Every structure is written in structure tokens, then in C-alpha cells.
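# Overview (structure and organization)
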Amino acid sequence: MNEQIIARHWIALAAPKVAPAVATSTVLILGRIWNANGAEHSTGNAALMVILAAGAATAGAFAAAGHGGGDGVLAATAFATSGGLALAGVAGYADDLPLPLLLWVLATAVAYGIAARYWRTDRRDTVAYERQTTVRREEHAHIERVEMLRSRTQIEVARESVAYADALAAALTARATLPGFDPQALTRAGLPELPNPNQ
């Protein structure tokens, strides 16, 4: 009935699925670039990343514990920022690549775990909306069919009434031309009074 006429491009469909891996990979790459440019074994740079990560985590905790249950999106964003800063700090400070890669794998797995929860919720909401839309469409289609049948029935009844009235009028007219026709007898029988043809 009202089908979607705009098809989404495959990139638009795949983008949410690859976003967590792209985000954690970007942080790892930037951390290693930072490592190559002098962050390796730099106490000041490590302290800066620890302070920034702790600040983001604290902001996430305050957002989660806010009035009325807190803002989940803001808290998740703050905690994701904290994790990203911690990963960037380790990637920038560490000598070798195995520890940053291990943290990257863990961060990516956690990101997909969190994202999967939102994807499931979004999918449930989408399915529920589609079901409600289908039910509404079926109800409207049913009402439309019933109204169409009712209107057709009324039209058929009206046609039959007109045909019956025409036949009755033709019969009465033919009967009035016969000899010995008494219009008062029809009136006494309960039929409507007919005009007198002799007047």
C-alpha cells in the first residue's frame, strides 16, 4: 500500500555496523602516530591522558547519577570518551604494539557489546512500529471495504426501489385504462389516492 519509495544505499545501511571498529581503530592509529612523534615514555603526556580519561569518566558518572535517573546518552558518550582517551594514552606511551592492540580488541568488543544493545532496542521499536502501521492499514482497509459494500447495497436498493416504483406506476396506468376501473377501491385498500383521469 504505502511502501517506502526511497531505497537506502548499502553504505548507509553498513555505516552503523562498522562505526565502533572505525572509532577504536582511529583512536589506536592516532595514539601510535602520537607515539612516533615523542609520546613514548613521556610522563607528562601519560599524566595528561590519565587526567583527561579520569575527567571524562567522572563526567560520565555524574551524568549517569543525575536527577531522574540521569542522561544515558550523555553518560555513554562520556564513558566512551574516557575509554578512548585511555586507549590513546596507552597506545602513545607503550613501547611495542601488543598492549595497544590488546586494548584495541577489548575496546572494540565493548563498543560492539554496547552498540548491540541499542541496535536490539532500535530493532524492537522498528518492528513494533511496523506492526502498528500494518494493523492500522488493515483496520482502515476493512472499514473501507465495509463502507463500499454498504454503499453498493444502498445503491442496489435504490435502483430496485426505482424499478419497482416504475413498474407499479406502469401497472396502475395500464389498469386505469381498463373498463370498470375504480380508483376509490385502491384508496380503500390502503394505497395512496390516485388522480382521477376523468377530471
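On a predicted model such as this, the values are computed, not experimentally measured, just so you know. (Residues numbered from 1 in each chain as written. Predicted model: local features only at pLDDT ≥ 70, side-chain atom pairs only at ≥ 80, totals over all residues. Heavy atoms only, no water.)

Okay, the overall build of the chain next. Summing up its helical and strand segments, the chain has five helices and zero strands in all. Going from the N terminus to the C terminus, the chain shows its helices and strands as α-α-α-α-α. Within the span of the chain, comprising 199 residues, buried residues form 15% of the whole. Pairs at least 24 residues apart make up 64% of the contacts formed inside the chain by residues separated by at least 6 positions. Element-wise, carbon and sulfur atoms account for 66% of the exposed surface of the chain, whose accessible area totals about 14,700 Å². (Helix = DSSP H or I, 4+ residues; strand = E, 2+ residues; numbered from the N terminus. Buried < 20%, exposed > 50% of the residue type's maximum accessible area, 1.4 Å probe, protein only. Contact = heavy atoms within 4.5 Å. Areas by Shrake-Rupley, 256 points an atom, 1.4 Å probe, with all protein chains shown as cover.)

Below, the discussion takes up the side chain of Thr108. Within the element layout of this structure, Thr108 appears in helix H4 (residues 98-176). Accessibility expressed as a relative area gives 11% for Thr108, which makes it buried. Not counting residues within four places of it along the chain, the set of residues in contact with Thr108 comprises Ala21 and Thr24.

Turning our eyes to something else, we now look at H4. A rise of 1.5 Å per residue sets the reference length of H4, with its 79 residues, at 117 Å; its end C-alpha atoms lie 114 Å apart and thus fit the reference within 8%. Buried within H4 we find Pro100, Thr108, Ala115, Thr133 and Ala141. (Expected span 1.5 Å × (residues − 1).)

The end-to-end C-alpha distance of helix H2 (residues 43-64) is 31 Å, a good match for the 32 Å that 22 residues give at a rise of 1.5 Å each. Buried residues of H2: Met49, Ala53, Ala56, Gly60 and Ala63, and no others. Within H2, the buried residues cover an arc of 85 degrees as seen down the axis, which keeps them to one side. Among the exposed residues of H2, those oriented more than 90 degrees off its buried face are Thr43, Gly44, Val50, Ile51 and Phe62. (Arc of directions from axis to C-beta.)

Another point: the packing of aromatic side chains. Per the counting criterion, the structure on display carries one aromatic pair. With centroids separated by 6.2 Å and ring planes inclined at 65 degrees, the aromatic side chains of Tyr112 and Trp119 adopt a geometry described as edge-to-face. A relative accessible area of 27% means that Tyr112 is categorised as partly exposed. Taking the relative accessible area as the measure of exposure, Trp119 reaches 25% and is therefore partly exposed. The side chain of Lys17 reaches across the aromatic face of Trp119, ending 4.1 Å from its centre. (Phe/Tyr/Trp six-rings, centres within 6.5 Å; stacked < 30°, edge-to-face > 60°. Lys NZ or Arg CZ within 6 Å of the ring centre and 35° of its normal.)

Our next topic: the environment of Ala23. Along the chain, the position of Ala23 falls in helix H1 (residues 10-39). Residues Ala23 and Ala111 lie 88 residues apart in sequence; the distance between their C-alpha atoms is 9.2 Å.

Attention now goes to a nonpolar patch on the surface. There is a patch of nonpolar side chains on the surface, built from Ile29, Leu30 and Ile33 and spanning about 290 Å² of accessible area. For Ile29, the location among the structural elements is in helix H1. (Patch = residues over 30% accessible without salt bridge, like charges linked within 9 Å, V, L, I, M, F, W, Y side chains within 5 Å. Salt bridge = Lys/Arg side-chain N within 4 Å of Asp/Glu carboxyl O.)

Model confidence for the chain is summarised by a mean pLDDT of 78, while 86% of its residues fall at 70 or above. Element-level mean pLDDT values for the chain span from 72 in helix H5 (residues 183-188) up to 87 in H4. (pLDDT = per-residue confidence, 0-100.)

In total, this model carries two salt bridges according to the counting rule given. Here Glu147 ties to Arg150 by a salt bridge, and the two come within 2.6 Å at their closest N and O atoms. Of the two residues, Glu147 and Arg150 both sit in helix H4, three residues apart, roughly one turn of that helix. With a relative accessible area of 43%, Arg150 lands in the partly exposed category.

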